[in-house]
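Examination of the molecular architecture
Each chain, letter by letter, is given below.
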Amino acid sequence: MYENIVTARHYEERLQEEYLEGKQPAFDISAGPIPGELHLAAGQEAAAAGVCQHLRDDDTVTATHRPHHVAIAKGVDLERMTAEIFGRQTGLGKGKGGHMHLFDPEVHFACSGIIAEGCPPAAGAGLAAKKRNEDSVAVAYLGEGAIDQGAFLESLNFAAVFDLPVVFVIEDNDWAISMPKERVTDVENGAKRADGFEMPGARVDADDAVEIYEVAGEAIGRARDRNGPTVLEVQVHRRMGHFMGDPQTYRPEEDQEAAAERDSIERLERDLRNHGVDDERIEEIREAAHERVEAAIEWAKEQPKPDPSDAHEDIFVNPPSGVTDSEPDFEFAGGDD
Amino acid sequence: MSENSAETRELTMSRAMVSAIAHEMRENDEVFYMGEDVADYGGIFDSTEGLREEFGYDRVMDVPISETAYLGAAVGAAQEGMRPIAELMFVDFFGVAMDQIYNQMAKNTYMSGGNVSVPMVLTAAVGGTYNDAAQHSQTLYGTFAHIPGLKIVVPSTAYEAKGLMHNAIRDDDPVLYMFHKRLMGIGWLPAPDGPKTPVPETDYTIPFGSADVKRTGDDVTIVTLGLHVHRALEAAEGLAADGIDAEVVDLRSLVPLDTDTVVESVEKTGNLVVVDEDYRSYGVTGEIVASVADEALAALDSVERVALPDVPIPYSRPMENEVVPDVDDIAAAVRRTQ
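A quick note: this is a predicted structure, and the numbers were derived from the prediction, not measured.

1. Some points on the overall build of chain A
Along the backbone of chain A there are ten helices and nine strands. The globule rule puts the C-alpha radius of gyration for 337 residues at 20 Å, and the 20 Å found for chain A is close to it. Each of the three principal axes of chain A carries a C-alpha extent, and together these read 55 × 45 × 40 Å. Per-residue burial over chain A gives 55% buried out of 337 residues. Of the contacts made within chain A by residues no fewer than 6 positions apart, 73% connect residues no fewer than 24 positions apart. In the form shown here, chain A has an accessible surface area of approximately 14100 Å², with 46% of it arising from carbon and sulfur atoms. Averaging the positions of the 33 positive and the 70 negative side-chain charges in chain A gives two centres separated by 3 Å.

2. What to know about the packing of helix α2 (residues 45–52) of chain A against helix α7 (residues 209–224) of chain A
The axes of two packed helices give the description: the angle between them and the distance between them. Residues and elements named next belong to chain A. Across the interface, α2 lies against α7 with an axial gap of 7 Å and an inter-helix angle of 45°. Considering their axes alone, α2 and α7 lie oblique with respect to each other. At the point where α2 passes α7, the crossing takes the right-handed sense. Between α2, through A46, A47, G50 and V51, and α7, the contact on the second element is made entirely by A209, I212, Y213, A216 and I220. Grouping the amino acids of the contact of α2 with α7 by side-chain chemistry returns eight nonpolar, one polar and no charged.

3. Observations concerning the side chain of A:E144
Residue and element names in this part refer to chain A. Relative to the helices and strands, E144 is located in the loop between β4 (138–143) and α6 (150–161). Among the polar contacts listed, one links the side chain of E144 to the backbone nitrogen of N173, at a separation of 3.1 Å. Beyond its immediate stretch of four places on either side in the chain, E144 contacts I170, E171, D172, N173, D174, W175, A176, K181 and E233.

4. A closer look at the environment of A:A146
All names here are of chain A. Locating A146 in the fold gives a position in the loop between β4 and α6. Take A146: its relative accessible area is 4%, and that puts it in the buried class. Sequence separation between A146 and E280 is 134 residues, and the spatial gap between their C-alpha atoms is 41 Å. Beyond its immediate stretch of four places on either side in the chain, A146 contacts I115, A116 and F152.

5. Digging into the confidence of the model for chain A
Caution applies to low-pLDDT regions: their predicted coordinates should not be interpreted in detail. In the predicted model, chain A carries a mean pLDDT of 92, and 95% of its residues have values of at least 70. Across residues 325–337 of chain A, where pLDDT falls below 50, the model places 27 contacts with residues more than four positions away in sequence or in other chains.

6. Let's talk about the interface of chain A and chain B
Counting from both sides, the interface comprises 56 residues of chain A and, opposite them, 48 residues of chain B. Of the roughly 4300 Å² buried at the junction of chain A and chain B (both faces included), carbon and sulfur atoms supply 58%. Taken together, the connections running from chain A to chain B amount to two salt bridges. Across the pair B:D40 and A:R183 runs a salt bridge, and its minimum N-O distance is 2.9 Å. The interface formed by chain A and chain B holds 20 residue pairs in polar contact (both at pLDDT 80 or more) in total. Each residue belonging to the side of chain A that touches chain B can be placed in one class, and the counts come to 23 nonpolar, 18 polar and 15 charged.

7. Concerning the nonpolar core
A:M81, A:F109, B:F94 and B:F144 are the most contacted members of the largest nonpolar core, which totals 163 residues. Two domains share this core, each providing at least three of its residues, namely domain 1 (8–200) and domain 2 (212–337) of chain B. The contact partners of A:F109, leaving out residues within four places of it in the chain, are A:V61, A:A63, A:P67, A:V70, A:A71, A:K74, A:V76, A:L102, A:F103 and A:D104. Counting 23 residues, the second-largest nonpolar core is a separate cluster that includes A:A122, A:A160, A:L164 and A:M199.

8. As for the sheet that holds strand β5 (residues 166–172) of chain A
By way of backbone hydrogen bonds, the strands of a sheet pair with one another, either parallel or antiparallel. All names here are of chain A. Spatially, the seven strands line up as an open sheet ordered β2-β3-β1-β4-β5-β9-β8, and their pairing is mixed. Across the chains shown, the open sheet's two edge strands, defined by having one partner strand only, are β2 (103–104) and β8 (201–204). Inspection of the sheet shows β5 paired to strand β9 (residues 230–235) by six bridges, in the parallel sense. Along β9, the bridge assignment pairs V169 with L232. The sheet strands contacting α2 are β1 (60–63), β4, β5 and β9, and the helix crosses β4 at an angle near 170°. Packed onto the sheet, helix α5 (residues 119–131) meets β1, β4 and β5 and runs at close to 170° relative to β4.

9. As for the pattern of salt bridges
Enumeration over the complete set of coordinates arrives at 46 salt bridges over all chains. Here A:K94 ties to A:D314 by a salt bridge, and the two come within 3.2 Å at their closest N and O atoms. With a gap of 220 residues between them, A:K94 in the loop between α4 (78–85) and β2 and A:D314 in the segment after α10 (279–302) connect regions that are remote in the sequence. Taking relative accessible area as the criterion, A:D314 reaches 39% and is therefore assigned partly exposed. Among the ionic pairs, B:D212 bridges to B:K214, the shortest N-O distance being 2.8 Å. Of the residues examined, B:D212 reaches a relative accessible area of 25% and is grouped as partly exposed. When salt bridges that share partners are traced, they join A:R14, A:E17, A:E18, A:E294 and A:K301 into one network.

10. A look at a negative patch on the surface
Residues and elements named next belong to chain B. A contiguous patch of negative charge, built from D260, E264, E267, E287, D294 and E295, is present on the exposed surface. Secondary structure elements with two or more residues in the negative patch: α9 (259–269) and α10 (284–296). Its relative accessible area of 46% is what places E287 among the partly exposed residues.

11. Let's talk about the packing of aromatic side chains
Scanning the entire structure with this criterion turns up eleven aromatic pairs over all chains. With a centroid separation of 5.3 Å and 75° between ring planes, the pair formed by B:F45 and B:F90 is classed as edge-to-face. Of the two residues, B:F45 sits in the loop between β2 (31–35) and α2 (51–59) while B:F90 sits in strand β4 (residues 83–90), which places them 45 residues apart along the sequence. On the basis of relative accessibility, which here comes to 4%, the residue B:F90 falls in the buried class. Through pairs of rings, three or more aromatic residues link up here, namely A:F243, B:F45, B:F90, B:F93 and B:W188. Over the ring of A:Y19 we find A:K23; its NZ or CZ atom is 3.8 Å from the centre of that ring. Between the NZ or CZ atom of B:K107 and the centre of the ring of B:Y102, over which it lies, the distance is 5.1 Å.

Quick notes on the rules
Residues numbered from 1 in each chain as written. Chains lettered and ligands numbered in written order. Predicted model: local features only at pLDDT ≥ 70, side-chain atom pairs only at ≥ 80, totals over all residues. Heavy atoms only, no water. Helix = DSSP H or I, 4+ residues; strand = E, 2+ residues; numbered from the N terminus. Rg over C-alpha atoms; globule rule 2.2 N^0.38 Å. Buried < 20%, exposed > 50% of the residue type's maximum accessible area, 1.4 Å probe, protein only. Contact = heavy atoms within 4.5 Å. Areas by Shrake-Rupley, 256 points an atom, 1.4 Å probe, with all protein chains shown as cover. Lys, Arg positive; Asp, Glu negative; His and termini not counted. Charge placed at Lys NZ, Arg CZ, Asp CG, Glu CD. Axes fitted to C-alpha atoms, helices over the stretch in contact; angles between N-to-C directions. Parallel < 35°, antiparallel > 145°, perpendicular 65-115°, else oblique. Left-handed = near helix turned anticlockwise from the far one by under 90°. Nonpolar A, V, L, I, M, F, W, Y, C, P; charged D, E, K, R; others polar. Polar contact = N/O pair within 3.5 Å; in protein donor to acceptor, adjacent residues only side chain to side chain. pLDDT = per-residue confidence, 0-100. Buried area = accessible area lost by both parts, 1.4 Å probe. Salt bridge = Lys/Arg side-chain N within 4 Å of Asp/Glu carboxyl O. Core = buried A, V, L, I, M, F, W, Y, C linked by side-chain atoms within 4.5 Å. Domains from an automatic or database assignment. Pairing = 2+ DSSP bridges. Patch = residues over 30% accessible without salt bridge, like charges linked within 9 Å, V, L, I, M, F, W, Y side chains within 5 Å. Phe/Tyr/Trp six-rings, centres within 6.5 Å; stacked < 30°, edge-to-face > 60°. Lys NZ or Arg CZ within 6 Å of the ring centre and 35° of its normal.

In structure tokens form, the structure reads like this:
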């Protein structure tokens, strides 16, 4: 768990450095080595590590537009994920999806750039497991800003009606872009959404990976034992803006300072020491994580960029004659890099 | 900002949009704005910058991430006679609330036999060119123009942005106002030179269904809208050096569609190139070509369509550049007509 958390934190610190290259001094989102938007999850790692520690490769996870920490905890191929974020040909999606749209079928991981829209597919994975009489489970991640969304609420009902092995994990980082939680819902405890569907709901108030691990263990165990779905809300914090380049003018400074103080990494290190793990071992894990991250980034940056014509492939896996995977019958070429 | 300090001033497209909204809100208490991150943030594409400071939270409402609820609520408030403007930050997100848009907002007037009106404006950012992949880069002009009951407007400059917005808010029907992110003049998404234009201080309307000839020419008609007006103009300048004189028609609205201006131009030039940032099949390019063929088939010597091939928009830069039409693609298509 500690290894996952420090890997995720360092990974995002390094992505941040790489992302800003070429985008400064005047921030230009369409410049630099990493394309598009970048949503970082610093401060939310415990939500990923504490839950995914219970999961196997055949368990499904659907993550949000802020997916890296969850992907790392689920065991997504770090090299190919990084290559994807850099838009390279050997990336998980051959450079077509990017950081919000990572798919690694080897470990049953997917994410979506649309709020709450990972919930129905997670219910579908649970449905498949139930129909096949398998004991795999599905976990859908969403933010606290997504708990008002129809896709989430309909998925709760669907999972409840069919007793599906699904755990809905709400990462409450207090902010939905510029909107604080209290301005978008009158329910302080988002797990109470479960009450309306007669399913268990639990909330972990602290950014505490160990406590999240324990409560998630009950929920995932319940799903694996075919006792139905659960909603789990965990308090995390958002150290960064909503996306890189977000000026956060809407956010009080004291809130940002408070978020920076609530560090789940320091908390977990204290726990490890209290359980007799010495500093040397902690440092060893941290260094190994950093090395892994550096190696992934180095590998990714050496990977080839896609050929422009690759854009026309992969629309279907079984392309109808004359539709894809062939030269277009008219000119589109225009890219020069 | 005084309304009478000067006759015109140069504005970014976002400032021009906001000035029209603010004007209408001052004039009419029934006008209000709601959407995600529109109050404190000012709209992530600066579409509401400064409105909350002037009008407060009651009239510039941040809403929960519940598109079905707030877009549907806009329909309901509009049917009660208010004039809501509802923003969805990316047009790509419409799917989560599509029923309220295409079954309620678009059809209630018709199904009530004209007894109910839905005087609302739906604003949404469209377009790619900044590597944000397939769920955040679409234009989807064709999707919405296909549905009867929606008026669809697409500004290309600050001047258009203000005039079309005044008209949209005053219109008694639902209007979908689709603005291209790349034209807004946002710091982190640099705009080309064209969209920042002089804008009259006072209110004015640009009627829907009035295309604008942005450049006159005798050899070929380029019909386009939004960002690609600027790319077509740049292509036309390059072509002029080679002796090809291109006329550039900015549609400004898709519904209603100003077929007359397009046909008139094609009757002069004989050649038609349609440029669209939306998908090629079943879209704007096909519609324009079909409309011209209907009315002036004999005038058509050649036709070219430049649009997104039918692929989701890829993330990685070389592939996005491949599929989004650029200046060279437009120029090449024009040359093929000569």
